[in-house]
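These are the residues of each chain, in order.
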Protein chains: 2
Amino acid sequence: MKIQHRSLGEEVYRRLLRLILDGKIPVGKWMREEKLCDELGVSRTPLREALIRLVQEGVLEQQPRRGCIVRQLEQDEIKQMMECRRLLECMVLKEWFNGIDREEIKKLDEKLRVAEETGGETLRINVLEADEKLHEIIVSTCDNHFLVEQVRRLQLLCRPYRVLRCAESEDLVAILAERRRIINAILNNSAEDAVAGLSAHFETSRKYYIDENK
Amino acid sequence: MKIQHRSLGEEVYRRLLRLILDGKIPVGKWMREEKLCDELGVSRTPLREALIRLVQEGVLEQQPRRGCIVRQLEQDEIKQMMECRRLLECMVLKEWFNGIDREEIKKLDEKLRVAEETGGETLRINVLEADEKLHEIIVSTCDNHFLVEQVRRLQLLCRPYRVLRCAESEDLVAILAERRRIINAILNNSAEDAVAGLSAHFETSRKYYIDENK
DNA sequence: TTATTGTATATTGTATACAATATTTCATAA
DNA sequence: TTATGAAATATTGTATACAATATACAATAA
């Protein structure tokens, strides 16, 4: 077994995290050690190291003597998680409002404008991407390492539950309007309006986070 | 080796965490695996499980092929951590202000009053305890699991750096006045003043968190 | 002396064997 | 048929052996 600069445990941790966040390993699935060892080509020691890390992150849930499963958040927990994100991200936006990268916001604005004209499936994909991008711009403004880490961690934990179910184009239009409100408020240097917009965005985006059980 | 309900790994994790938070294992110390195994009477596997958990928590720092050391935060990092706590705890106090347990606050107030009359070393100890208690009352008001978890985690990370260096009694008097401002504001239902008081408290308490290197 | 390099030792990283427990299977009885 | 329970199997938890690397130390040369 070749030894690398990054340990196998770390490597496996990253790979498993990616697989879970992308939904390749679905929520509620048992993480059978031997099976994963075969698939990843490592022994149980580094695999278990990765599992422990993921448990500590809150991505997996450990049941004594039964193993780890991909954490299945209850509807109520998802709600709390989104509420926590709303509070934290709004706070970041408010406190670091002056430092926000206006150029990036302008780029995002332009991209959305183009997507809007194109419409169709492209639009839907762009709306999803723009959403991630907007949250990323906001959090990256914050220079407090600890706060950034906490916000990012919550963003990760949300990922497996995120589904954009806007079959109707009215939804897309409404979502776009919401984004534009935030973007415009930022470009107009209106912190209060931007925060209010972001807060409202979290309120409405709740319905796009579903419980797999339902 | 007797098997318990809680796994050895978990048990070792808790014991090490306690030792570190209480300063029994000082900041900057190398966590030599074999030595710790001997002291705790376990093999390397559960010990390493505990170390990995502590690394993921940010309590330890891992250096590839060299092992884990108790994380030694820079002065700047401590500052950031305290700033993060200030933002989060002030937010909690503001958002959950109505839910705060006034009875507990009154008890705390009474205890401080008694300690103040006693003075001396008792006073110093009580001031320290009261500080912990106040922060605990505030965070326990919050019913958002994720937010509580994050605030508590930061409080833990702070612990090893906390030193109350008030040789002069004027310091104690000033600190007491600060506490009383918060307590009174809460009892008078003045959210704004309570938040302002808590914020100020974080500002002044900065100097009681020292960098071991200095 | 001081710097450098090779060797011995210490220490972490990984694989594997064994122990303890959970789950499944299947035979038997009501 | 269905329920029960014991044996077989699967799976996690722990200990240990070995591999890979880092550190310490001694020998040698400048």
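Residues numbered from 1 in each chain as written. Chains lettered and ligands numbered in written order. Predicted model: local features only at pLDDT ≥ 70, side-chain atom pairs only at ≥ 80, totals over all residues. Heavy atoms only, no water.

A.B. asks: Teacher, can you tell me more about the overall build of chain A here?
C.D. replies: A tally of regular secondary structure across chain A gives nine helices and two strands. Walking chain A from its N terminus toward its C terminus, one meets helices and strands in the order α-α-α-β-β-α-α-α-α-α-α. On the principal axes, the C-alpha backbone points of chain A span a range of 55 × 40 × 30 Å. Within the span of chain A, comprising 214 residues, buried residues form 50% of the whole. In chain A, the share of contacts with a sequence separation of at least 24, taken over all contacts with a separation of at least 6, comes to 74%. Summed over its atoms, the accessible surface of chain A is roughly 11100 Å², and 48% of this surface lies on carbon and sulfur atoms. Within chain A, one finds 37 positive and 39 negative side-chain charges whose respective centroids are separated by 4 Å. (Helix = DSSP H or I, 4+ residues; strand = E, 2+ residues; numbered from the N terminus. Buried < 20%, exposed > 50% of the residue type's maximum accessible area, 1.4 Å probe, protein only. Contact = heavy atoms within 4.5 Å. Areas by Shrake-Rupley, 256 points an atom, 1.4 Å probe, with all protein chains shown as cover. Lys, Arg positive; Asp, Glu negative; His and termini not counted. Charge placed at Lys NZ, Arg CZ, Asp CG, Glu CD.)

A.B. asks: What's the story with the packing of helix α4 (residues 75–95) of chain A against helix α4 (residues 75–95) of chain B in this structure? I'm lost.
C.D. replies: Two measures define how a pair of helices packs: the angle their axes make with one another and the distance between the axes. In contact at an axis separation of 11 Å, α4(A) and α4(B) are set at 115° when each is read in the N-to-C sense. The orientation of α4(A) with respect to α4(B), classified from their angle, is roughly perpendicular. Note on packing geometry: the crossing formed by α4(A) with α4(B) is right-handed. Taking contact as the criterion, the partners of Leu87(A), Leu88(A), Met91(A) and Glu95(A) in α4(A) are, on α4(B), Leu87(B), Leu88(B), Met91(B) and Glu95(B). Of the residues in the contact of α4(A) with α4(B), the class split is six nonpolar, no polar and two charged. (Axes fitted to C-alpha atoms, helices over the stretch in contact; angles between N-to-C directions. Parallel < 35°, antiparallel > 145°, perpendicular 65-115°, else oblique. Left-handed = near helix turned anticlockwise from the far one by under 90°. Nonpolar A, V, L, I, M, F, W, Y, C, P; charged D, E, K, R; others polar.)

A.B. asks: What exactly am I supposed to notice about unusual backbone geometry here?
C.D. replies: Apart from glycine, the bulk of residues carry a negative phi angle, and the bulk of peptide bonds sit in the trans form. A positive phi angle is found at Asn189(A), which is not glycine, with a value near 60°. Although it is not a glycine, Arg65(B) adopts a positive phi angle of roughly 65°. Mapped onto the elements of the fold, Arg65(B) is located in the loop between β1 (60–63) and β2 (67–70).

A.B. asks: Sorry if this is basic, but what is going on with the interface of chain B and chain A here?
C.D. replies: Reports of interface size often rely on the accessible area that becomes lost once the parts have come together. With 32 residues of chain B at the interface, the matching set in chain A holds 32 residues. Here chain B and chain A share an interface that buries about 2900 Å² over both sides, 55% of which is from carbon and sulfur atoms. Area buried by chain B at its contact with chain A is led by Gln56(B), Phe146(B) and Gln150(B), which between them contribute 24% of it. Where chain B meets chain A, there are two salt bridges. One salt bridge in this structure joins Glu149(A) and Arg153(B), with 3.4 Å as the shortest N-O distance. Taken together, the links from chain B to chain A amount to 12 residue pairs in polar contact (both at pLDDT 80 or more). Those elements that place two or more of their residues in the side of chain B that touches chain A are α3 (44–57), α4 and α7 (145–158) of chain B. Residue contributions to the side of chain B that touches chain A peak at nine residues, all from α4(B). When its residues are assigned to classes, the side of chain B that touches chain A shows 14 nonpolar, six polar and 12 charged. (Buried area = accessible area lost by both parts, 1.4 Å probe. Salt bridge = Lys/Arg side-chain N within 4 Å of Asp/Glu carboxyl O. Polar contact = N/O pair within 3.5 Å; in protein donor to acceptor, adjacent residues only side chain to side chain.)

A.B. asks: What is the right way to read the relation of the copies chain B and chain A from this model?
C.D. replies: Look at the two chain copies: a rotation about an axis and a shift along it is all it takes to match them. If you rotate chain B by 180° and push it 0.0 Å along the axis, it lands on chain A with an RMSD of 0.1 Å. Here the symmetry operator amounts to a two-fold rotation axis. Same-surface contact between copies: 100% of interface residues of chain B are shared with the interface of chain A. (Least-squares fit on C-alpha atoms with pLDDT ≥ 70 in both.)

A.B. asks: Which parts of the structure should I look at to understand the domain arrangement of chain A?
C.D. replies: Residue and element names in this part refer to chain A. In terms of domains, chain A is made up of domain 1 (8–70) and domain 2 (75–211). For domain 1 and domain 2, the distance between their C-alpha centroids amounts to 29 Å. Across the contact, eight residues belong to domain 1 and six residues belong to domain 2. By the criterion of area lost to domain 2, the three top residues of domain 1 are Leu21, Val27 and Glu57, representing 72% of everything that side buries. The tally of links from domain 1 across to domain 2 stands at one salt bridge. Between the two partners, domain 1 and domain 2, sit two residue pairs in polar contact (both at pLDDT 80 or more). Per-element accounting of the side of domain 1 that touches domain 2 gives the leading share, three residues, to helix α1 (residues 8–21). A class-by-class count of the residues in the side of domain 1 that touches domain 2 yields five nonpolar, one polar and two charged. (Domains from an automatic or database assignment.)

A.B. asks: Honestly, the packing of aromatic side chains in this entry has me stumped. Any pointers?
C.D. replies: What describes a pair of aromatic rings is the distance from one ring centre to the other and the angle between the planes of the rings. Evaluated as defined, the whole model comprises zero aromatic pairs over all chains. The side chain of Arg53(B) reaches across the aromatic face of Tyr13(B), ending 5.7 Å from its centre. (Phe/Tyr/Trp six-rings, centres within 6.5 Å; stacked < 30°, edge-to-face > 60°. Lys NZ or Arg CZ within 6 Å of the ring centre and 35° of its normal.)

A.B. asks: Help me understand the nonpolar core, please; the structure alone is not making it clear to me.
C.D. replies: If you look at the biggest cluster of nonpolar residues, it comprises 138 residues, and the most contacted ones within it are Leu16(A), Met31(A), Leu16(B), Met31(B) and Leu147(B). With sequence-adjacent residues up to four places away left out, Met31(A) is seen in contact with Leu16(A), Ile20(A), Ile25(A), Leu36(A), Leu51(A), Leu60(A), Cys68(A), Ile69(A) and Val70(A). (Core = buried A, V, L, I, M, F, W, Y, C linked by side-chain atoms within 4.5 Å.)

A.B. asks: Looking at this model, I keep getting lost on the pattern of salt bridges. Mind explaining?
C.D. replies: Here the idea is simple: oppositely charged side chains can pair when their charged atoms come close. Counted by the stated rule, this structure contains 52 salt bridges over all chains. For Glu33(B), the salt bridge identified is with Arg44(B), shortest N-O distance 2.8 Å. Of the two residues, Glu33(B) sits in helix α2 (residues 33–40) while Arg44(B) sits in helix α3, which places them 11 residues apart along the sequence. We classify Glu33(B) as buried; its relative accessible area is 18%. Accessibility expressed as a relative area gives 45% for Arg44(B), which makes it partly exposed. Between Asp109(B) and Arg180(B) there is a salt bridge, and its shortest N-O distance comes to 3.7 Å. Separated by 71 residues along the polypeptide, Asp109(B) in helix α5 (residues 102–118) and Arg180(B) in helix α8 (residues 169–187) bring together distant segments of the chain. If you follow the salt bridges from partner to partner, you end up with Asp109(A), Glu110(A), Arg113(A), Glu116(A) and Arg180(A) in one network.

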